[in-house]
Amino acid sequence: MKQRRFGTTTALLSGSRRFMVLCSGLMLAAAVSAQEALRLNDLEYFERQGVNVLVFSNSFNGGFNDEKNSGIEIIHHGVRTVQGGAIRLNNTPEQWDLVPTMTSRKVNREAGSIEVGLRYNDYDFDSRIVVTAKGKAVEVAVWLDKPVPEKLAGEAGLNIEFLPSQYWLKTYQVDNRLGRFPRYATSQTVTRPNSEKPRQFKGFKTYDDRGTNRFVDPLPIETGHKLSLATDDPSRLVTISSEDAELKLYDGRMLAQNGWFVVRSVLPKGKTGKVVTWTIEPHAIPGWIREPNIGFSQVGYTPEQPKVAVIELDKKDPVQTGTASLMRLNPDGTTEEAFKDDVKTWGPYFKYNYVKFDFSSVRHPGVYFIQYGKKRTNDFLIDEHVYDKITDATTDVWVPIHMNHMYVTEGYRTWHGEPFKEGYLQAPESDHFDLHRQGAETETKYKPLELIPGLNVGGFFDAGDFDIETSSNINVVQNFIRTWELFKPQRDETFVSQEQRYVELHRPDGKPDILQFIEHGVLNLVAQAEQIGHMSQTLSNSVLDNYHHLGDAASITDGLHYDPSLRPYEVSADGKRSGTPDDMWAFTTRNPRLDLQAAGVFTSAARVLRGYNDDLADRAQKQADRLQKEATALQRESRHRRDRQADADNDWLTGTGDGNYRNVARNLQTMLDSIPMKDAAYKEKLRPAVKQYLEYIHNFDKENPYGVPIGLGNWAGVNAVLNFGITVNYAHIYFPDIVGKEEVYRVANWLYGCHPYHNYSFVAVVGAARPKQVFYGNNRADFSFIPGNVAPGLLFRKPDHFENFDDWPFLWGQNEGTIAGNTQYIIFGSSFRNIVAPK
Ligand SMILES: [Ca+2]
Ligand SMILES: [Ca+2]
Ligand SMILES: [Ca+2]
């Protein structure tokens, strides 16, 4: 969707300029101060150059509660450093603490204010927040029609949160006292009776109180009436003051590594009307213009490929045209200009303007950088081998580290011990924190909380968490099978022993790793079919307090069978059982569609594993036949639906369907995948569809400056981008006369750095000059990454902001790699490399 909306600043400015020519210097001063004031713009947020104050442009969403993406937010000199402004029930809210529902949002243009109604259903508690522009500041006022409910008195407060990575080590001032934000959480806490803790999401508990029946509550770092944050950094300086309420400053990391610094005022008891008033003034650097973001491929370029940098510019940047240069760093230490050309205007897309710099004509291998105005990029390569290694980190490092039920080691480092030795219990009827549900019937031969034997084998951790999502694991095996069948990669860098339950990175064992990954995935999926009788939705945590685990996967549970006859934390005399209810659960509500998906993948797996592991191939085929039969019988209605879909596909192929672009994209990949199994006539029949697809590809050049599908959802769009890339690659492989080679570079460019916000590669990848440094992997608490991970990428925040934090890993929507996404990347990368690698 191409955004063409503009603010009215430019028009006002030219009007006032004309006026100023006629008037005195006094008028000039007045015009300047009007410019400095925060103004409610057409997109319904408060704006001055360098400062955006958003008021519930993004509201809390029910799925994962507090995603640190909502409420009153401040985008400060281009970075969203402040969020979570709302009525909250905790000093430092965690992800699963309750969030308010927004019941209304009213924009009052005359008053220059935005009012939101907030409600906590669990406590029948309503409040209103009114945010009003007052010069360079906003006033934030809390209004109550009824007093705070008794249960929440002293707990409900006005909170707002500051991004730790942008504030730590910076100075603050509270009234007349000075301090410095700590790099690591080291303030103080108290414990209080659980009965005083406001309820958490669905009644779950984020903490294990070790039988004390008490929860941990952080104490404030500081308390006062005027608080200035980052007094030593004008780009982050924010002042908050209140005459009617005490401001308390907390460190949310005391409870959770993903916590933020929190400023809070508790709402007074027994009062109605305007109960708390804050003035928040985010400092704006006079004349601040955001630096250009020069998007290019950090992996580099092959000599023959198109090479176009996309430059993202502040709309107030006076340099919207002019020239850019490609500079070459010679091996003798000299630098020379290799190429210079005018940049070409693409135009506005959401918040910024875009120009392009095309240096495709430079083919000479070498080390280069781009110079545009005062901005110089880091260097990158032009060389025919730049893409040779793009999947190695993912296949050699990321994937084996995510092998469940194995001890995984690399050099001197153990990534994790063998997890979940006690196996999995039949889930009782339950709602779940990771969006699963177990129905009243188990639909298995097991009673609730009975051990289901044999499930602790094979499988891959889902993502930044450690559960086995069955549908994702099916995708993983499918992705590996597709990669294997088309490209037969013989790469062997991983030692895998199912017998020893042991994996070692960088130790070849004479077996292609991809076959071992397929085997590992199938082992778990077949065990599910054999032991449960059908596919489980998920093998996941039973308690929230070990779901958010960060650390060695082997220590998520105690490895001992749960025995309810023992007291919590007690271990049986034989050392095999414990009273700690930490065992993982298998969610077994039957879904015939999932069974059919599994049957499909079992059939392909049997074909691939034949001759490699005949026993597993036989088991997979047996389960495929049984599940196919049973699930088909169970779901006749679903079969009708599939038939109708098959008819629709056929209509579309023969030109009788509506044939819109969306359908083209959805269907084409399936059809391309079946080309090797079909005759030449089938392939010929696809020609018109591929031609149509080429139009679809070119359409993206008009929609956005980057020429790829850009997602605007709550999870950034890397899966759609990868799917797009895979289909373009396959379309080129089978129809090079229609989809030319020049089309296949779009997704690589995007992934490796040519995208909005910053120009880092989204893949923690071998070969990139500047990959992202932090990801939402299971080592995120170390502000690190697992090599080969692919970030979801650019997260869109309404109404006009893209972001990808590279100093704060904890926002999963932009930084979490998933097992399904990363194996999709292996297909994308393998097919791309196959096309572009020197033959
Ligand atoms: Ca999960
Ligand atoms: Ca191997
Ligand atoms: Ca246990």
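Nothing here was measured: the structure is a model prediction, and the numbers come from that model.

*Asks:* Honestly, the overall build of the protein chain in this entry has me stumped. Any pointers?
*Replies:* In terms of regular secondary structure, the protein chain is built from 16 helices and 44 strands. What you see for the protein chain is a C-alpha radius of gyration of 29 Å, in line with the 28 Å of a compact globule of 839 residues. Dimensions along the principal axes, computed over C-alpha positions, put the protein chain at roughly 90 × 75 × 60 Å. Within the protein chain, the proportion of its 839 residues that are buried is 57%. Within the protein chain, one finds 96 positive and 106 negative side-chain charges whose respective centroids are separated by 4 Å.

*Asks:* Mind showing me how you'd approach the sheet that holds strand 30 (residues 407-410) here?
*Replies:* Consider a sheet: its strands pair through backbone hydrogen bonds, and that pairing is either parallel or antiparallel. Pairing is mixed in the open sheet, where 4 strands are placed in the order 31-30-38-37. The sheet is open, and its two borders are formed by strand 31 (413-416) and strand 37 (494-497), each paired with just one other strand. The sheet shows a mean angle of 20° between the axes of neighbouring strands, taken without regard to direction. The pairing of strand 37 with strand 38 (residues 502-505) spans 4 bridges and is antiparallel. Across the sheet, Thr494 pairs through a bridge with Leu505, a residue of strand 38. Across the sheet, helix 4 (residues 392-401) touches strand 30, strand 31, strand 37 and strand 38, and the angle it forms with strand 38 is around 150°.

*Asks:* Honestly, helix 13 (residues 718-734) in this entry has me stumped. Any pointers?
*Replies:* Between its terminal C-alpha atoms helix 13 stretches 24 Å, which fits the 24 Å expected from 17 residues at 1.5 Å a residue. Counting buried positions over the 17 residues of helix 13 gives 13, a clear majority of the element.

*Asks:* Would you mind showing me how to read the environment of Lys839 here?
*Replies:* Looking at where Lys839 falls in the secondary structure, it is placed in the segment after helix 16 (819-836). Assessed through its relative accessible area of 82%, Lys839 is described here as exposed. When the C-alpha atoms of Lys839 and His225 are compared, they prove to be 69 Å apart, with 614 residues separating the residues in sequence.

*Asks:* Can you walk me through the nonpolar core in this structure?
*Replies:* As a rule of thumb, nonpolar side chains are buried together in soluble globular proteins. Of all hydrophobic cores here, the largest spans 74 residues; its most connected members are Leu751 and Tyr825. Contributing elements (two or more residues each) for this core: strand 25 (344-349), strand 26 (352-358), helix 11 (661-674), helix 12 (680-703), helix 13, helix 14 (746-751) and helix 16. Aside from chain neighbours lying at most four places away, what touches Tyr825 is Ile390, Thr391, Thr394, Leu722, Leu751, Tyr752, Val763, Val765 and Val790. In this structure, Met403, Trp415, Phe461 and Leu609 belong to the second largest nonpolar core, which totals 61 residues.

*Asks:* Would you mind showing me how to read helix 4 here?
*Replies:* Structurally, the α-helix is built with 3.6 residues per turn, so residues lying three or four positions apart point the same way. With 10 of its 10 residues buried, helix 4 lies for the most part within the structure. Those residues of helix 4 that fall on the buried side of the exposure criterion are Asp392, Ala393, Thr394, Thr395, Asp396, Val397, Trp398, Val399, Pro400 and Ile401.

*Asks:* Mind showing me how you'd approach the sheet that holds strand 5 (residues 79-88) here?
*Replies:* Pairing is antiparallel in the open sheet, where 9 strands are placed in the order 1-2-3-4-5-10-19-18-15. Of all the strands in the sheet, the pair left with one neighbour each is strand 1 (39-40) and strand 15 (222-224). Sheet topology places strand 4 (residues 72-76) next to strand 5; 4 bridges connect them, and they run antiparallel. Bridging across to strand 5, Ile75 finds its partner in Arg80.

*Asks:* Can you walk me through the coordination of the calcium ion (ligand 3) in this structure?
*Replies:* Octahedral metals with six donors have ideal donor angles of 90 or 180 degrees. Tetrahedral metals with four donors have an ideal donor angle of 109.5 degrees. Surrounding the calcium ion (ligand 3) are the protein donor atoms Glu422 (OE), Asp558 (OD), Leu560 (O), Asp582 (OD) and Asp583 (OD), at 2.2 to 2.4 Å. One chain supplies every donor to the calcium ion (ligand 3), and in sequence these donors are spaced E-x135-D-x1-L-x21-D-D. Remark: Asp558 occurs in the loop between helix 7 (544-547) and strand 40 (561-562) and Glu422 occurs in the loop between strand 31 and strand 32 (424-426); sequence separation between them is 136 residues.

*Asks:* What is the right way to look at the coordination of the calcium ion (ligand 2) in this model?
*Replies:* Looking at the calcium ion (ligand 2), the protein donor atoms are Asp492 (OD), Thr494 (O), Asp509 (OD), Lys511 (O), Asp513 (OD) and Gln516 (OE1), and they sit 2.3 to 2.5 Å from it. One chain supplies every donor for the calcium ion (ligand 2), spaced along it as D-x1-T-x14-D-x1-K-x1-D-x2-Q. With Thr494 in strand 37 and Lys511 in the loop between strand 38 and helix 6 (513-532), this pair connects stretches of sequence that are 17 residues apart. For Lys511, a relative accessible area of 38% puts it in the partly exposed group.

*Asks:* Got a minute to help me understand the environment of Leu811 in this structure?
*Replies:* Mapped onto the elements of the fold, Leu811 is located in the loop between strand 44 (801-803) and helix 15 (812-815). Remark: the alpha-carbon pair of Leu811 and Phe775, spanning 36 residues in sequence, is separated by 8.8 Å. With residues near it in sequence (within four places) discarded, Leu811 still touches Glu67, Lys68, Asn69, Arg80, Tyr776, Glu803, Phe805 and Glu816.

Rules used throughout
Residues numbered from 1 in each chain as written. Chains lettered and ligands numbered in written order. Predicted model: local features only at pLDDT ≥ 70, side-chain atom pairs only at ≥ 80, totals over all residues. Heavy atoms only, no water. Helix = DSSP H or I, 4+ residues; strand = E, 2+ residues; numbered from the N terminus. Rg over C-alpha atoms; globule rule 2.2 N^0.38 Å. Buried < 20%, exposed > 50% of the residue type's maximum accessible area, 1.4 Å probe, protein only. Lys, Arg positive; Asp, Glu negative; His and termini not counted. Charge placed at Lys NZ, Arg CZ, Asp CG, Glu CD. Pairing = 2+ DSSP bridges. Axes fitted to C-alpha atoms, helices over the stretch in contact; angles between N-to-C directions. Contact = heavy atoms within 4.5 Å. Expected span 1.5 Å × (residues − 1). Core = buried A, V, L, I, M, F, W, Y, C linked by side-chain atoms within 4.5 Å. Donors = N, O, S within 2.8 Å, 3.2 Å for Na, K, Ca; no water.

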